[in-house]
Structure formats: structure tokens, C-alpha cells
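Each chain, written out:
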Amino acid sequence: LAVAEVVKAVFKEIEKINPWRDFVFPKNDLLIASCITFSMFVIYLLWPCRMFFFDGIMFASEAAGHPRAWANHLGYCYYGYAFWKLLKWIGIERDGYSALQIMNSFLSSLTVGMFFLFVKKITEKTYIAIIFSLLLAFSYIFWWRSCDAYDVPPKMPLLLLSIMLM
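In this report, the structure presented in the accompanying data block is examined.

Thresholds, definitions, all that
Residues numbered from 1 in each chain as written. Predicted model: local features only at pLDDT ≥ 70, side-chain atom pairs only at ≥ 80, totals over all residues. Heavy atoms only, no water. Helix = DSSP H or I, 4+ residues; strand = E, 2+ residues; numbered from the N terminus. Buried < 20%, exposed > 50% of the residue type's maximum accessible area, 1.4 Å probe, protein only. Contact = heavy atoms within 4.5 Å. Areas by Shrake-Rupley, 256 points an atom, 1.4 Å probe, with all protein chains shown as cover. Expected span 1.5 Å × (residues − 1). Arc of directions from axis to C-beta. Axes fitted to C-alpha atoms, helices over the stretch in contact; angles between N-to-C directions. Parallel < 35°, antiparallel > 145°, perpendicular 65-115°, else oblique. Left-handed = near helix turned anticlockwise from the far one by under 90°. Salt bridge = Lys/Arg side-chain N within 4 Å of Asp/Glu carboxyl O. Core = buried A, V, L, I, M, F, W, Y, C linked by side-chain atoms within 4.5 Å.

Another aspect to go through is the overall build of the protein. The secondary structure content of the protein amounts to eight helices and zero strands. Listed N to C, the secondary structure of the protein is α-α-α-α-α-α-α-α in terms of helices and strands. Looking at the protein residue by residue over its 166 residues, the buried ones come to 37%. Long-range contacts, defined as pairs at least 24 residues apart, comprise 71% of the intrachain contacts of the protein with a sequence gap of at least 6. Accessible area of the protein: about 10400 Å², with a carbon and sulfur share of 72%.

The subject of this paragraph is helix H2 (residues 27-46). Compared with an ideal rise of 1.5 Å per residue, which puts 20 residues at 28 Å, H2 spans 28 Å between its outermost C-alpha atoms and is within 8% of the ideal. Within the sequence span of H2, burial applies to Asp29, Ile32, Ala33, Ile36, Thr37, Met40 and Tyr44. Along the axis of H2, the buried residues cluster in a sector spanning 135°; they form a single face. In H2, the exposed positions that point more than 90 degrees away from the buried face belong to Lys27, Leu31, Phe38 and Leu46.

For the pair H2 and helix H6 (residues 126-138), the least separation of the axes is 12 Å and the interaxial angle reads 20°. Comparing the axis directions of H2 and H6 gives the class roughly parallel. The two elements H2 and H6 meet at a crossing, and its hand is right-handed. Here Asp29, Ile32, Ile36, Met40, Ile43 and Tyr44 of H2 come into contact with H6, specifically with Thr126, Ile130, Leu134, Ala137 and Phe138.

A word on the pattern of salt bridges. For the structure shown, the criterion picks out two salt bridges. Between Asp29 and Lys120 there is a salt bridge, and its shortest N-O distance comes to 3.6 Å. Separated by 91 residues along the polypeptide, Asp29 in helix H2 and Lys120 in helix H5 (residues 96-123) bring together distant segments of the chain. For Asp29, a relative accessible area of 6% puts it in the buried group. Overall, Lys120 belongs to the buried group, its relative accessible area being 14%.

Looking now at H6. With 13 residues, H6 extends 18 Å from end C-alpha to end C-alpha; this agrees with the ideal 18 Å at 1.5 Å per step. What H6 keeps buried is the set Ala129, Ser133 and Ala137. The buried residues of H6 occupy an angular sector of 65° when the element is viewed end-on, so they sit on one face. Turned more than 90 degrees off the buried face of H6, the exposed positions are Tyr127 and Leu135. Buried-residue contacts for H6 involve H2, H5 and helix H7 (140-146).

Let us look at the nonpolar core. With 20 residues, the main nonpolar core has Ile36, Met40, Tyr44, Val112 and Phe116 as its most contacted residues. Listed by contribution, the elements that provide at least two residues to this core are H2, H5, H6, H7 and helix H8 (156-164). Once residues lying within four places of it in the same chain are set aside, the contact partners of Phe116 are Asp29, Ile32, Ala33, Ile36, Thr126, Ala129, Ile130 and Ser133. In this structure, Tyr97, Met103, Leu107 and Ala149 belong to the second largest nonpolar core, which totals eleven residues.

Looking at the secondary structure, you find Thr37 in helix H2. Given the relative accessible area of 16%, Thr37 is considered buried. With residues near it in sequence (within four places) discarded, Thr37 still touches Ser109, Leu110 and Gly113.

Right under this line is the structure:
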């Protein structure tokens, strides 16, 4: 009986701990993050990458056809195909490469917005968070991966989310 009471007490303490408390942001910060996300999405769409590479072309052919797990990028072709189908369902007729570029631009701009919130939470200074978010967004390798059909951008929001949960 004493063990059961101890277990109940432990579970009550665990219930008091809210793991999502780190994701409660002020409305002003959410508004700034949304503006950064939207503006970066528009910028990434206006200036897409023009350096096509073999992996991107293979991903595009898989995304616009019948996807299958390819090389070590197991999920990219599947959710690229799902996004291509979503664009077709909405009424946007694009080839596979453009669909992957749009998907990567969206996910990368989402990552920049999440990065703003992460830096703002750590530093508690808005201007530092904006500066570092824009440095990330306009850095060469991030820009190139964000605007191209590559398998890294869909992983970045999940990676940043896992870092934020630490």
C-alpha cells in the first residue's frame, strides 16, 4: 500500500511538470516570427536555386511519379510526392523539381521562424534574435539548401524542435 502511494505521489509530481512550457511565447514574439517566416518564404520563392544537381533531379523524378525509397534519403521521395499531389489538388500544376523547391522553401522559412523563437527564448532580446535568424536565413549553405530540391530542409524543423525540447 505504501508503494502505491509513493507511485501516485511521483505521478502527481510528474503531472505538475509541463514539458510544453518552453513553447509558450508572447503574442508579439509569435507575430515577429510569423513575419520573418512569411518574408523568408516569399524571398526564397522569388530567388530559387538554379544549380540543379543529380540528387535533386532524381528526387524530382521520384516525387512526380511513383515514389520509392531511394538511397539513404528514405522519406524524402514519399513526402515530396505527397506535397506534389497536394499542389495538384490545390490546382497548382508544377513539375516535381519545382514542387520540391516550394516544399523546401516553406520548411526552411519555418525553420528560420522557429530559430527566432529559440534565440529569443535564450537571449530575451528581440534584436539579437532577429539578427541571428536573418544570418541563418541568408547564409550561403542554408539558402542553397532552402531553394533547391534537396533532402536536408525537411529535417531541419524537426532537428530544431528536438534541440528546443532539450
